[in-house]
Amino acid sequence: MALRRILHASGLRYRVHRRPLKGVRREADIVFGPAKVAVFVDGCFWHACPEHATWPKRNSEFWRTKIEKNRTRDANTDARLEAAGWVSVRVWEHEAADEAAARVAAVVEARKALLRTRA
């Protein structure tokens, strides 16, 4: 929510919890449709953050398999979006919202500029 608040306050408009690509059953947390930018806010546990990931001791094989599948799906999603002309931005839940918002805004503005020059 903090990330969305900062992006909105900076004048950027977006959709939340949308599927950027038809036929692909994966939702982005924030979608900038005209700029073709999809933002995913990844949880440290669920997506195996390199800084904060922990591996549970109980039922460890189940959790390792589940989390590795999440990471594989994330990479596949990014590749599919890229193939369709989209840019995906991954934000970790532990990132400072203002820093993440600045990074997202920079990508969105760059994409808008790029698409304007193509038009």
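In this report, the structure presented in the accompanying data block is examined. (Residues numbered from 1 in each chain as written. Predicted model: local features only at pLDDT ≥ 70, side-chain atom pairs only at ≥ 80, totals over all residues. Heavy atoms only, no water.)

### Here's the deal with the packing of helix H1 (residues 2-9) against helix H3 (residues 97-118)
Two elements in contact, H1 and H3, have axes whose closest approach is 9 Å; the angle formed by their N-to-C orientations is 50 degrees. As summarised for this structure, H1 and H3 are arranged oblique, according to the angle between their axes. In terms of crossing hand, the pair formed by H1 and H3 is right-handed. Contacts between H1 and H3 involve Ala2, Leu3, Ile6 and Leu7 on the former and, on the latter, Ala97, Asp98, Ala100, Ala101, Val104 and Ala105. The class makeup of the residues in the contact of H1 with H3 is 9 nonpolar, no polar and 1 charged. (Axes fitted to C-alpha atoms, helices over the stretch in contact; angles between N-to-C directions. Helix = DSSP H or I, 4+ residues; strand = E, 2+ residues; numbered from the N terminus. Parallel < 35°, antiparallel > 145°, perpendicular 65-115°, else oblique. Left-handed = near helix turned anticlockwise from the far one by under 90°. Contact = heavy atoms within 4.5 Å. Nonpolar A, V, L, I, M, F, W, Y, C, P; charged D, E, K, R; others polar.)

### Description of the packing of aromatic side chains
Overall, the coordinates contain 5 aromatic pairs when judged by the stated rule. The interplanar angle of 70 degrees and the centroid separation of 5.8 Å between the aromatic rings of Tyr14 and Phe32 together place this pair among those described as edge-to-face. Residue Tyr14 is found in the loop between H1 and strand S1 (15-18), and its partner Phe32 is found in strand S2 (residues 28-32); the two are separated by 18 residues along the sequence. Just as Tyr14 is buried, Phe32 falls in that class too. Centroid distance Phe62 to Trp63: 5.0 Å. Interplanar angle 80 degrees. Geometry classified as edge-to-face. Among the residues examined, Phe62 registers a relative accessible area of 43% and is labelled partly exposed. Through pairs of rings, three or more aromatic residues link up here, namely Phe45, Trp46, Phe62 and Trp63. One Lys or Arg, Arg64, reaches over the ring of Trp55 and ends 3.9 Å from the middle of that ring. Positioned over the ring face of Phe40 is Arg90, at 4.1 Å from the centre of the ring. (Phe/Tyr/Trp six-rings, centres within 6.5 Å; stacked < 30°, edge-to-face > 60°. Buried < 20%, exposed > 50% of the residue type's maximum accessible area, 1.4 Å probe, protein only. Lys NZ or Arg CZ within 6 Å of the ring centre and 35° of its normal.)

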